[in-house]
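Geometric and topological summary
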Amino acid sequence: VEGNSNEEFKKILTPVAQEFEWKFMFALGDIGYQDTTDQLKKIGLPELPIPSIVVYYQNDSTIIYPEKIITQGKLREFLKDILRGKHISKDRRPKEDKFEKLFPGVEKIEHYRLPSMMNDKQCVVAIFYRSSKATPRNLALGKKMAEIVEVVKPLGEDVKVVLMDLTYQKLPGNVKLTKSLPVMAVFPANHAEKGTLSELNRDFTPENMLSFVKEFRT
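Since this is a predicted model, take the numbers as computed values, not measurements. Counting restarts for each chain: residues are numbered from 1 in the order of the written sequence. The predicted nature of this model means local features are confined to residues of pLDDT at least 70 and side-chain atom pairs, given and counted, to a pLDDT of 80 or more, with totals for whole chains, interfaces and linings taken over all residues. Computation of side-chain values covers all heavy atoms of the structure but excludes hydrogens and water.

**Quick look at the overall build of the chain**
Counting from the N terminus, the helices are DSSP H or I runs at least four residues long and the strands are E runs at least two residues long. A count of helices and strands for the chain gives 6 helices and 7 strands. Scanning the chain from its N terminus toward the C terminus, one meets helices and strands in the order α-α-β-β-α-β-α-β-α-β-β-β-α. Only heavy atoms enter the contact rule, under which two residues are in contact if any of them lie within 4.5 Å. Considering only intrachain contacts with a sequence separation of at least 6, the fraction spanning at least 24 residues in the chain is 69%. Accessible surface, the chain: about 12900 Å² in total, of which carbon and sulfur atoms supply 51%. All accessible areas in this document rest on Shrake-Rupley with a 1.4 Å probe, and a residue is counted as covered only by the protein chains that are shown.

What follows is the structure, encoded as structure tokens:
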């Protein structure tokens, strides 16, 4: 944008930003300021009409909104297409997720869904990892975690097991990890909404996992 002349554009952007707030970080840049112009040059953007929408992905893909006319409907579809990988060149799309294959039947989620899963009724067991770091060591840890996951599946609806790939996304602000990835963490049901978690040690076994989760599921 430039100056205060784009109030209509802000009216279009604001509802969409609220809808996608856990998927994208939104910011307004005033092209009239020199530092903003310099930043655009640094990431290789061409001269753009004002207003314009640019998505800068964590994997260094720069995606420019292709339409001359910006509407809420078209903007929503544009952002949904990015999440589906439509506007990202094939060489920059995430490669095969070898880590995910270790956990058949376990749901893989985006970071924005984790806060809604944290509640007083359900214990959440989350495996945090980076698919881009599928080293033999990390895959071996993943196999151990997969064995541990199998023992909590019979607990049913009291426990939810999820995977989260942190290659191209960050954790919600209220979730803090202290150990290096991959990490298996348990969010206790009785105060999970606060982001409280227990990170499991690498020497954890399937034998002591069941009693541990049972303790924190109510």
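Back to the write-up after that little detour.
**Here we look at the pairing of strand 5 (residues 159–165)**
Across the 7 residues of strand 5, 6 count as buried, placing the element largely inside the fold. DSSP calls a pair of strands paired once it identifies at least 2 bridges connecting them. Two elements, strand 4 (residues 123–129) and strand 5, share 7 bridges in a ladder whose sense is parallel. The partner of F128 across the bridge, within strand 5, is M164. Seen with the strands pointing away from the viewer, any crossover whose path from the first strand over the helix to the second strand runs clockwise is right-handed. The parallel pair strand 4 and strand 5, bridged by helix 5 (residues 136–152), forms a crossover whose chirality is right-handed. Type-normalised accessible area, obtained with a 1.4 Å probe on protein chains alone, sets the label of each residue: buried when under 20%, exposed when over 50%, and partly exposed for intermediate values.

**Section: the pattern of salt bridges**
The term salt bridge refers to a pairing of a side-chain nitrogen on Lys or Arg with a carboxyl oxygen on Asp or Glu at a separation within 4 Å. With the rule as written, the count across this model stands at 5 salt bridges. One salt bridge connects E77 with K80, and the closest N-O pair in it is separated by 4.0 Å. With a gap of 3 residues between them, E77 and K80 both fall in helix 3 (residues 72–83), about one helical turn apart. Classification of E77 by relative accessible area gives partly exposed; the value is 39%. We classify K80 as partly exposed; its relative accessible area is 31%. Of the charged contacts in the structure, one is a salt bridge between K108 and E100, with a shortest N-O distance of 3.6 Å. With a relative accessible area of 33%, K108 lands in the partly exposed category. One connected set of salt bridges, linked through shared partners, spans D97, E100 and K108.

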